[in-house]
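# Structural features, examined
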Amino acid sequence: YFYFFAGVLVTNMLLAQNSKPLIIAAKFHYGNVIIHTPSVKNIAGSKPFGVEIEISRQPIDSASFNRCNCFPRNGIAFSHFDFDNKILGNGTSISYFIEPSYKLNNSLQFNLRGGAGLMYLSNPYDAIKNPENKNYTTKINPYLQVGIGLSYNINSKLRMLLMGHFQHFSNGAYKEPNRGLNWVTVSAGI
């Protein structure tokens, strides 16, 4: 279902917005978990790293710019993170994002980002197999991301990206233990 859902969203996005430039981006993430409660101190020092592929559209017409004084890119992101900790395992997400881009000069843009989706996680809490995982109990969890960064136009078809992100997943107390996971990353991409 996960891959079918992703395929339908991407296909609809590409067909419905054929008048806006298609953007494909690849990013590499590296970061640190945030210990937000004493019950998750056992994951201190974990350094998540991951890859992200994005497919998006960005309107460049004056009507879009006039709505928000920016060019709001939106699309679908696929990411995979290794949480650098056997307790946490790894996670794969699909999310929808919107990323307004504010032009600073002819080559440099300032970007804000918000995203929401789902994350599939490999090693949930289990009383016998993984009793140390207090962060999540379900394999699928809602996922949120916010970010801030810069992008630089190398030429008319290629752009470098550098962003800082705050990321979170949790099952919303659907099933305990559920302390969720907060982590920050820096990403670089093209």
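Located above this text is the structure these notes cover.
Below you will find a few notes about this structure.

## Observations regarding the overall build of the protein chain
- Along the backbone of the protein chain there are two helices and eight strands.
- When the elements of the protein chain are put in sequence order from the N terminus, they spell out α-β-β-α-β-β-β-β-β-β.
- Taking all 190 residues of the protein chain together, 42% fall into the buried category.
- In the protein chain, once contacts between residues fewer than 6 apart in sequence are set aside, the share between residues at least 24 apart is 61%.
- A total accessible area of about 10100 Å² is found for the protein chain, and carbon and sulfur atoms account for 65% of it.

## Thoughts on the nonpolar core
- Within the largest apolar cluster, 14 residues are counted, with the highest numbers of intra-cluster contacts made by Ile-43, Phe-83, Met-119, Phe-169, Leu-181 and Trp-183.
- Mapped by element, the contributors of at least two residues to this core are β5 (108-121) and β8 (181-189).
- Residues contacting Met-119, with those up to four places away along its chain left out, are Phe-81, Phe-83, Gly-91, Thr-92, Ser-93, Lys-139, Ile-140, Asn-141, Tyr-143, Phe-169 and Trp-183.

## Digging into the sheet that holds strand β2 (residues 49-57)
- Read once around its circumference, the closed barrel built from eight strands follows the order β1-β2-β3-β4-β5-β6-β7-β8, with strand pairing classed as antiparallel. Averaged over all pairs of adjacent strands, the angle between strand axes in this sheet comes to 25°, irrespective of strand direction.
- The pairing of strand β1 (residues 22-34) with β2 spans nine bridges and is classified as antiparallel. Note that in β2 the partner of Lys-27 across the bridge is Glu-52.

## Digging into the environment of Asn-42
- On the secondary structure map, Asn-42 appears in the loop between β1 and β2.
- Taking the C-alpha atoms as reference points, Asn-42 and Glu-132, 90 residues apart in sequence, are found 7.7 Å from one another.
- In contact with Asn-42, other than residues within four places in its own chain, are Asn-85, Ile-87 and Glu-132.

## A closer look at the layout of surface pockets
- In this structure, the largest pocket occupies an estimated 640 Å³ of space.
- Considering the residues around the largest pocket, the lining is formed by 24 residues, among which Ile-23, Gln-58, Asn-153, Ser-156 and Arg-159 are closest to the centre.
- Listing elements by their share of the lining of the largest pocket, those giving two or more residues are β1, β3 (71-82), β4 (90-103), β5, β6 (140-153) and β7 (159-169).
- Of the residues forming the lining of the largest pocket, the biggest block, four residues, is contributed by β1.
- Split by residue class, the lining of the largest pocket holds ten nonpolar, nine polar and five charged.

## So, the pairing of β6
- Pairing of β5 with β6, which is carried by 13 bridges, proceeds in the antiparallel orientation. Looking across to β6, one finds that Met-119 is bridged to Asn-141.
- Here β6 folds back onto β7 in antiparallel fashion, the turn holding five residues.

## Notes on the environment of Leu-181
- Its location among the elements puts Leu-181 in strand β8.
- In the structure, Leu-181 is positioned 47 residues away from Lys-134 in sequence and 9.5 Å away in space, judged by C-alpha atoms.

## What about the environment of Asn-178?
- Along the chain, the position of Asn-178 falls in the loop between β7 and β8.
- Counting along the chain gives 53 residues from Asn-178 to Tyr-125, while the straight-line C-alpha distance between them is 9.0 Å.

## Concerning the pairing of β4
- With twelve bridges joining them, β3 and β4 adopt antiparallel strand pairing. Among the inter-strand pairings, Ile-76 is bridged to a residue of β4, identified as Tyr-96.
- Here β4 folds back onto β5, and the loop between the two strands holds four residues.

Rules used throughout
Residues numbered from 1 in each chain as written. Predicted model: local features only at pLDDT ≥ 70, side-chain atom pairs only at ≥ 80, totals over all residues. Heavy atoms only, no water. Helix = DSSP H or I, 4+ residues; strand = E, 2+ residues; numbered from the N terminus. Buried < 20%, exposed > 50% of the residue type's maximum accessible area, 1.4 Å probe, protein only. Contact = heavy atoms within 4.5 Å. Areas by Shrake-Rupley, 256 points an atom, 1.4 Å probe, with all protein chains shown as cover. Core = buried A, V, L, I, M, F, W, Y, C linked by side-chain atoms within 4.5 Å. Pairing = 2+ DSSP bridges. Axes fitted to C-alpha atoms, helices over the stretch in contact; angles between N-to-C directions. 1 Å grid on protein atoms, 1.4 Å probe; cavity = no way out; pocket = protein on both sides within 12 Å on 5 of 7 lines; lining within 4 Å. Points joined across faces, edges and corners; volume = space filled by probe spheres on them. Nonpolar A, V, L, I, M, F, W, Y, C, P; charged D, E, K, R; others polar.

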